2 protein chains.
Amino acid sequence: MTSRLEQTCVEKGLKLTGQRKVIAKVLSEAADHPDVNQVYQRAATLDPKISIATVYRTVRLFEEYGILQKHEFAVGGSHGRARYEEADTDHHDHLIDIETGEVYEFLDEPLEKLKTAIAARMGFELVDHRLELYVRRKKNKV
Amino acid sequence: MTSRLEQTCVEKGLKLTGQRKVIAKVLSEAADHPDVNQVYQRAATLDPKISIATVYRTVRLFEEYGILQKHEFAVGGSHGRARYEEADTDHHDHLIDIETGEVYEFLDEPLEKLKTAIAARMGFELVDHRLELYVRRKKNKV
DNA sequence: TTATGTGCAAAGCGTTTGCGACCCT
DNA sequence: AGGGTCGCAAACGCTTTGCACATAA
């Protein structure tokens, strides 16, 4: 009934409007990393009167509350639409198949340690980081 | 006289207009990672009649020819303007001071190896990648 | 009830493009 | 001479916002 994200909203003390519930549901159920337009279209099947402005406002709100994570993957040299995913407790990086646009998640501990170490070595503390691997499926033979 | 980038343009067989020479010069001399507007303003001091449309067209052209590298750093959760730098022969990653917006370059071999290894492990070949560390200058004491 | 959220349409911002004039080779 | 390039302004795609109405708490 109440989606995982809706639950998070309650915990954070957000007012729960019908639209927000719908958007929370859509994103709770998303296995991919949908952009605003996709969220809008999926939400529209549950509430045909929802407006895209509300979707923009809501994902932004959720992001500010740390409920969602925003990504700006570069698909063809250019960033196109922002994409969203539930802000997971565990950090992970992204691997993007440039031919299909599919996004895979991965976590590599040595890599994480290295990032912090590099920042420290240069006299900084790591606040955030972004690692995206743009890849192509390996061919067996050429 | 002829800037480094202008030289590269000649080698790649690009037609060298006055505007392109100016933009090549500006970017050859840039120690930072200027955005289009900054390139435009610097170019305008050398050629007051240059238009921003030409700057857009030119950086795009240069990028397509592998002469420039485009970056879309996320400064405040959002990507704002694209920034450019000379496409260096040697690859490097970026470290962005979120308080000043300054960009530093670094290269870490173990990190590079790791990126390729991760992609391979997941059955892909690495085509491109992007690693950005968003950092804050370390305080000596709080 | 009342502060907050919504829908609509218009505006904003970075970037691209159609077009006629202009310039490099 | 002639095809590529330029400047201008209009158009574009994504995102935000002003305003009047609706709604959760």
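Right above here is the structure, for reference.
Predicted, not measured: the structure shown is a model, and the values here were computed from it.

Asker: How should the sheet that holds strand β4 (residues 103-106) of chain B be read in this particular structure?
Answerer: Read across the open sheet, the six strands follow the order β4(A)-β3(A)-β5(A)-β5(B)-β3(B)-β4(B); overall the sheet is mixed. Each edge of the open sheet is held by one strand with a lone partner, namely β4 (103-106) of chain A together with β4 of chain B. In this sheet, adjacent strand axes meet at a mean angle of 25° when their direction is disregarded. Of the pairings in the sheet, the one linking strand β5 (residues 124-137) of chain A to strand β5 (residues 124-137) of chain B comprises 13 bridges and is antiparallel in character. Bridge assignment links Leu126(A) to a residue of β5(B), and that residue is Val135(B). Contacting β3 (93-97), β4 and β5 of chain A together with β3 (93-97), β4 and β5 of chain B, helix α5 (residues 109-121) of chain B crosses the sheet at an angle of about 135° to β5(B).

Asker: I keep staring at the packing of aromatic side chains and nothing clicks. Help me out?
Answerer: For any pair of aromatic rings, geometry is given as the distance between the ring centres together with the angle between the planes. Under the counting rule described, the total for this entry stands at two aromatic pairs over all chains. Both rings, one in Tyr104(A) and one in Phe124(B), keep their centres 5.5 Å apart while their planes meet at 50°; by these two values the pair is tilted. One end of the pair, Tyr104(A), is in strand β4; the other, Phe124(B), is in strand β5, on a second chain. Relative accessible area serves as the criterion here: at 24%, Tyr104(A) is assigned to the partly exposed category. A relative accessible area of 2% means that Phe124(B) is categorised as buried.

Asker: Is there a simple way to explain the relation of the copies chain A and chain B in this structure?
Answerer: One copy of the chain maps onto the second through a rotation around an axis plus a translation along that axis. Mapping chain A onto chain B is achieved by rotating through 179° and translating by 0.0 Å along the same axis, at an RMSD of 0.1 Å. The relationship between the two copies is best expressed as a two-fold rotation axis. Judged by C-alpha distance, Leu131(A) is the residue of chain A that lies nearest the rotation axis, at 2.2 Å. Same-surface contact between copies: 100% of interface residues of chain A are shared with the interface of chain B.

Asker: It is not clear to me how the protein's contact with DNA strand D should be interpreted in this structure. Could you clarify?
Answerer: Within the structure, DNA strand D sits among 19 residues, and Tyr56(A), Arg81(A), Gln19(B), Thr54(B) and Arg57(B) are positioned closest to it. Close to the protein, within 4 Å, the atoms of DNA strand D belong to sugar or phosphate groups at a rate of 73%. The side chain of Arg20(B) places a nitrogen or oxygen atom 3.0 Å from a phosphate oxygen of DNA strand D. For the surface near DNA strand D, the elements supplying multiple residues, two or more each, are α4 (52-64) of chain A together with α2 (18-29) and α4 (52-64) of chain B. Broken down by element, the surface near DNA strand D gets its largest block of residues, four residues, from α4(A). Looking at the surface near DNA strand D residue by residue, the class counts come to six nonpolar, five polar and eight charged.

Asker: Hey, could you run me through the packing of α2(B) against helix α3 (residues 36-46) of chain B in this one?
Answerer: For any two helices packed against each other, the geometry comes down to the angle between their axes and how far apart the axes lie. Residue and element names in this part refer to chain B. One way to put it is that α2 packs onto α3 with a least axis distance of 9 Å and a crossing angle of 120°. When the interaxial angle is binned, α2 and α3 end up oblique. Of the two possible hands of crossing, α2 and α3 adopt the one that is right-handed. Residues Val22, Ile23, Lys25, Val26 and Leu27 of α2 form the contact with α3, whose own contacting residues are Val39, Arg42, Ala43 and Leu46. Its residues placed into classes, the contact of α2 with α3 shows seven nonpolar, no polar and two charged.

Rules used throughout
Residues numbered from 1 in each chain as written. Chains lettered and ligands numbered in written order. Predicted model: local features only at pLDDT ≥ 70, side-chain atom pairs only at ≥ 80, totals over all residues. Heavy atoms only, no water. Pairing = 2+ DSSP bridges. Helix = DSSP H or I, 4+ residues; strand = E, 2+ residues; numbered from the N terminus. Axes fitted to C-alpha atoms, helices over the stretch in contact; angles between N-to-C directions. Contact = heavy atoms within 4.5 Å. Phe/Tyr/Trp six-rings, centres within 6.5 Å; stacked < 30°, edge-to-face > 60°. Buried < 20%, exposed > 50% of the residue type's maximum accessible area, 1.4 Å probe, protein only. Least-squares fit on C-alpha atoms with pLDDT ≥ 70 in both. Near = heavy atom within 4 Å. Polar contact = N/O pair within 3.5 Å; in protein donor to acceptor, adjacent residues only side chain to side chain. Nonpolar A, V, L, I, M, F, W, Y, C, P; charged D, E, K, R; others polar. Parallel < 35°, antiparallel > 145°, perpendicular 65-115°, else oblique. Left-handed = near helix turned anticlockwise from the far one by under 90°.

Any link to function would need more than the numbers given here.
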